[in-house]
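Overview (structure and organization)
Next come the chains, spelled out residue by residue.
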Amino acid sequence: MLGIVGTSLLTGEPARAALSEQEARSDRRPMKVPLAVMEGASKPLIEPLMALLARAAAIEWEIQAVPLARMLSMAERGEVLAFGIARTPERERNFVFSDAVLTSYGWLASRQSEDAEIKSLDELRGTSVCVMRGATFGSEFDQASTGAFRKEVYGSSLDQGMAMLRAGRCRYLALSSHRGPDPARLRAELRASSGENLSLSALPPPLSARTVQFAAQREQAIAAVLPRLNAAIRQESAAIHQLVNR
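Here goes a summary of the coordinates provided. Along each chain, residues carry numbers from 1 onward, in the same order as the chain's sequence is written. Given that the model is predicted, a residue must reach a pLDDT of at least 70 before its local features are reported, and side-chain atom pairs must reach 80 or more before they are shown or counted; all residues, however, enter totals for whole chains, interfaces and linings. The side-chain quantities take in all heavy atoms of the structure and omit both hydrogens and water.

Secondary structure counts use DSSP, requiring at least four H or I residues in a row for a helix and at least two E residues in a row for a strand, with both numbered from the N terminus. Helix and strand counts for the chain stand at nine helices and 13 strands. Only protein chains enter the calculation, and the probe is 1.4 Å; a residue is then buried if its accessible area is under 20% of its type maximum, exposed if over 50%, and partly exposed in between. Burial status across the chain gives 50% buried among its 246 residues. We call two residues in contact whenever any of their non-hydrogen atoms come within 4.5 Å of each other. Considering only contacts in the chain between residues 6 or more positions apart, those separated by 24 or more positions represent 76%. For the chain, the exposed surface amounts to about 12,000 Å²; the carbon and sulfur share of it is 48%. Areas reported as accessible are Shrake-Rupley estimates using a 1.4 Å probe. Residue values count occlusion only from the protein chains shown.

Printed below as a string of structure tokens:
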């Protein structure tokens, strides 16, 4: 049984009142926490990032890498803490979120000859965009996908999205990256992984940058870990910045 010195985090019971940040800092009892991360997430970032936060928060992670749709359903049932779920008004009704850990930037990749500046989603009218199942780039994007452009959904692997792009199933592939607002590093990573020299267009603000954080079902006991994590995120903010930008 997972627990905090005999107290289970997965009892299925409503969460107790959250600890204050001061209590979270002073409570150093080791805590085992089941954590879901998205399958295909960047291991060179995720592994040292989770190790850093585990040390700072006195947490022992039990990590599972699963497809995004499965991560959402597991988190909704209170079975895991989830890392990487986008914060939306709809999800805020079911989940409580940690402080922001990093920023993710939204991009549209295409096989065009050069990058193009997209100032409005209206410019995508009449085109098609491949999007990973369960992914969201904000309510404006979701609304546009029912009218301005056609959304083609693929599974949990970016390779599947790349295959659809090559086959002409969509003109653009929507993706996110922590690599910052400059497309050069992301383009190099995509070239190394797929062999494609893709053009990249930033999604228009405010869709171009979104925070990434932990999420827990707000009525379940696993949410009690968030104050401890928030204290660790603030304590290690400089080290997190170095990891993200290395």
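Next up on the list: unusual backbone geometry. Within the chain, A58 stands out as a residue other than glycine whose phi angle is a positive 55°. If you trace the backbone, A58 turns up in the loop between α2 (43–57) and β4 (59–66).

L49, W61, L81, F83, F214 and L229 are the most contacted members of the largest nonpolar core, which has 32 residues in total. Within the residue set of this core, elements represented by two or more residues are β3 (31–38), α2, β4, β5 (81–83), β13 (214–217), α8 (226–235) and α9 (237–245). Element by element, the count of residues in this core is highest for α2, at nine residues. Every residue in contact with L81, bar those within four places of it in the chain, is listed here: V33, P34, L35, A36, W61, F214, A215, A216, I222, V225, L226 and L229. Residues belong to one nonpolar core when they are buried, are Ala, Val, Leu, Ile, Met, Phe, Trp, Tyr or Cys, and are joined through side-chain atoms within 4.5 Å. Membership of the second largest hydrophobic core comes to 28 residues, among which are A75, F97, M162 and M164.

With that settled, consider helix α3 (residues 68–76). Along α3, the positions that sit buried rather than exposed are L68, M71, L72, M74 and A75. Projection of α3 onto a plane perpendicular to its axis shows the buried side chains occupying an angular sector of 165°, all on one side. Just downstream of α3 lies G78, where phi reads positive at about 80°. The directions considered for the arc run from the helix axis to the C-beta atoms.

Turning our eyes to something else, we now look at the packing of α2 against α9. Relative orientation of the contacting elements α2 and α9 amounts to 170°, with a least axis distance of 10 Å. By the angle between their directions, the pair α2 and α9 is classed as roughly antiparallel. Facing α2, whose interface residues are L45, P48, L49, L52 and L53, α9 presents A239, I240, L243 and V244. Of the residues belonging to the contact of α2 with α9, the class tally is nine nonpolar, no polar and no charged. For helices, the fitted line uses only the C-alpha atoms of the stretch in contact; every axis is such a line through C-alpha atoms, and the angle between N-to-C directions lies from 0 to 180 degrees. Each angle is binned into one of four classes, with values under 35 degrees roughly parallel, values over 145 roughly antiparallel, values of 65 to 115 roughly perpendicular, and all other values oblique. Gly falls in the polar group here, along with every residue not listed as nonpolar (Ala, Val, Leu, Ile, Met, Phe, Trp, Tyr, Cys, Pro) or charged (Asp, Glu, Lys, Arg).

Another aspect to go through is the state of the cysteines. Throughout, disulfides are identified as pairs of cysteine sulfur atoms within 2.5 Å of each other. What the rule picks out here adds up to one disulfide. In this model, C130 is linked to C170 through a disulfide, with the two sulfur atoms separated by 2.0 Å. Measuring handedness by torsion sign, the sulfur bridge of C130 and C170 sits at about -105° and is left-handed. Highlighted residues: C130 in strand β8 (residues 128–132) and C170 in the loop between α6 (158–166) and β10 (172–177), separated in sequence by 40 residues. One exposure class covers both C130 and C170, and it is buried.

In this section: the packing of aromatic side chains. Geometry of an aromatic ring pair is reported as the spacing of the ring centres plus the angle between the planes. Stacked, tilted and edge-to-face pairs are distinguished by plane angle, under 30 degrees for stacked and over 60 for edge-to-face with tilted covering the rest, among Phe, Tyr and Trp rings (Trp via its six-membered ring) whose centres lie within 6.5 Å. What the rule picks out here adds up to five aromatic pairs. When the centroid spacing of 5.2 Å and the interplanar angle of 55° are considered together, the rings of F141 and F149 count as tilted. Taken together, the ring pairs connect W61, F83 and F214 into an aromatic cluster.

Right, let's talk about the pairing of β10 for a bit. Of all six residues that make up β10, five are buried, and the element is covered over most of its length. Here the rule is simple: two strands pair whenever DSSP picks up at least two bridges between them. Across five bridges, strand β7 (residues 102–110) lies against β10 in antiparallel orientation. Across the sheet, the residue bridging to W107 is L175, located in β10. When β8 meets β10, the two strands line up parallel, connected through two bridges.

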